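Summary of the model geometry
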Amino acid sequence: MAFSATQIRRGMVLVFENDPCRVVEFRHHTPGNLRAMVQAKLKNLRTGSNFEHRFRAADTIVKADMETQELEFMYQGGDVFHFMNISNYDQIEMDEEALGDSAPWMQPGMKILAEYYNGRPIGIELPNSLIFEIVETAPVVRGATKTASSKPAKLSNGVTVNVPEFVEEGTRVRVNPTTGEYLERAKE
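Let us look at the structure shown here. All chains use their own residue numbering, which begins from 1 and follows the written sequence. Owing to the predicted nature of the model, reporting of local features is limited to residues with pLDDT of at least 70; listing and counting of side-chain atom pairs is limited to 80 or more, with chain, interface and lining totals taken over all residues. Hydrogens and waters are ignored; side-chain quantities use all the structure's heavy atoms.

When you go through the chain residue by residue, the secondary structure sums to one helix and 16 strands. Throughout, the radius of gyration refers to the C-alpha atoms, and the reference size of a globule is 2.2 Å times the residue count to the power 0.38. In terms of overall dimensions, the chain is more spread out than a globule: its C-alpha atoms have a radius of gyration of 21 Å, far above the 16 Å expected for 188 residues. When its C-alpha atoms are laid out on the principal axes, the chain stretches across 65 × 45 × 25 Å. When contacts within the chain are restricted to residue pairs at least 6 apart in sequence, those whose partners lie at least 24 apart make up 42%. In the form shown here, the chain has an accessible surface area of approximately 11600 Å², with 45% of it arising from carbon and sulfur atoms. Counted as positive: Lys and Arg. Counted as negative: Asp and Glu. His and the chain ends are not counted at all. In plain terms, the charge of a residue is placed at NZ if it is Lys, CZ if Arg, CG if Asp and CD if Glu. Charge-centre separation for the chain: the mean point of 21 positive side chains lies 9 Å from the mean point of 26 negative side chains. Here a helix means four or more residues in a row that DSSP labels H or I, a strand means two or more in a row labelled E, and each is numbered from the N terminus. Contact criterion: two residues are considered in contact whenever any of their non-hydrogen atoms come within 4.5 Å of each other. We get accessible surface area from the Shrake-Rupley algorithm with a probe of 1.4 Å; when it comes to residues, only the shown protein chains can shield them.

Take the pairing of strand β3 (residues 19-29) next. The pairing of strand β2 (residues 13-16) with β3 spans four bridges and is antiparallel. Looking at β3, one finds that Phe16 is bridged to Asp19. For two strands to count as paired, DSSP must find a minimum of two bridges between them. Here β3 pairs with strand β4 (residues 37-44) via eight bridges, running antiparallel. What sits directly across from Phe26, in β4, is Ala40.

What the six strands build is an open sheet, ordered β1-β6-β2-β3-β4-β5; its pairing is antiparallel. For this open sheet the edge positions go to β1 (2-4) and β5 (50-56), each flanked by a neighbour on one side alone. In this sheet, neighbouring strand axes are inclined to one another by 50 degrees on average, regardless of whether the strands run parallel or antiparallel. Each axis is a line fitted through C-alpha atoms, taken for helices only over the stretch in contact, and angles between the N-to-C directions span 0 to 180 degrees.

Time to look at the environment of Gln91. Along the chain, Gln91 turns up in strand β9 (residues 91-95). With 14 residues separating them along the chain, Gln91 and Trp105 place their C-alpha atoms 20 Å apart. Beyond its immediate chain neighbours, meaning those up to four positions away, Gln91 contacts Met74, Phe83 and Met84.

Just geometry here; none of it tells us what the structure is for.
So this is what it looks like as structure tokens:
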């Protein structure tokens, strides 16, 4: 579906130089008596690189045909992650490069949303929060409160996050996988 460059909005996925690109930021600009243009910051969904491009107002843009499917993570074999499509039970393989920063957060049985372009998965969306157990951290400091400083803690998946001083080893915590931030202690 083709449309005018002036209709670009944040979050849209466009086909730019035969690759799907998500619009991260955009600004409609009309300098003096010159022609209008749209300055856009794009993220290539295939390679993960960010770049800027200036579209003229008269340019026509093609919206990418994206489809979303729910997948369940089954297991990891080397650098390859194996998923199952929940709707039709097809098994899909994605390499660590395609998963990007999401790879260390994968847990067997976890349900994710995968974005498809031309029938191939190109990216995934993790849940807003995940629960992990702390396997290694400094001992608890007496009198530590929530507003005190933080300390590094290693999670059961091997990722290190900063947690408040009062959190001890063996505690299950809720973490935001997109930012890698500690949210709270997990309620059992």
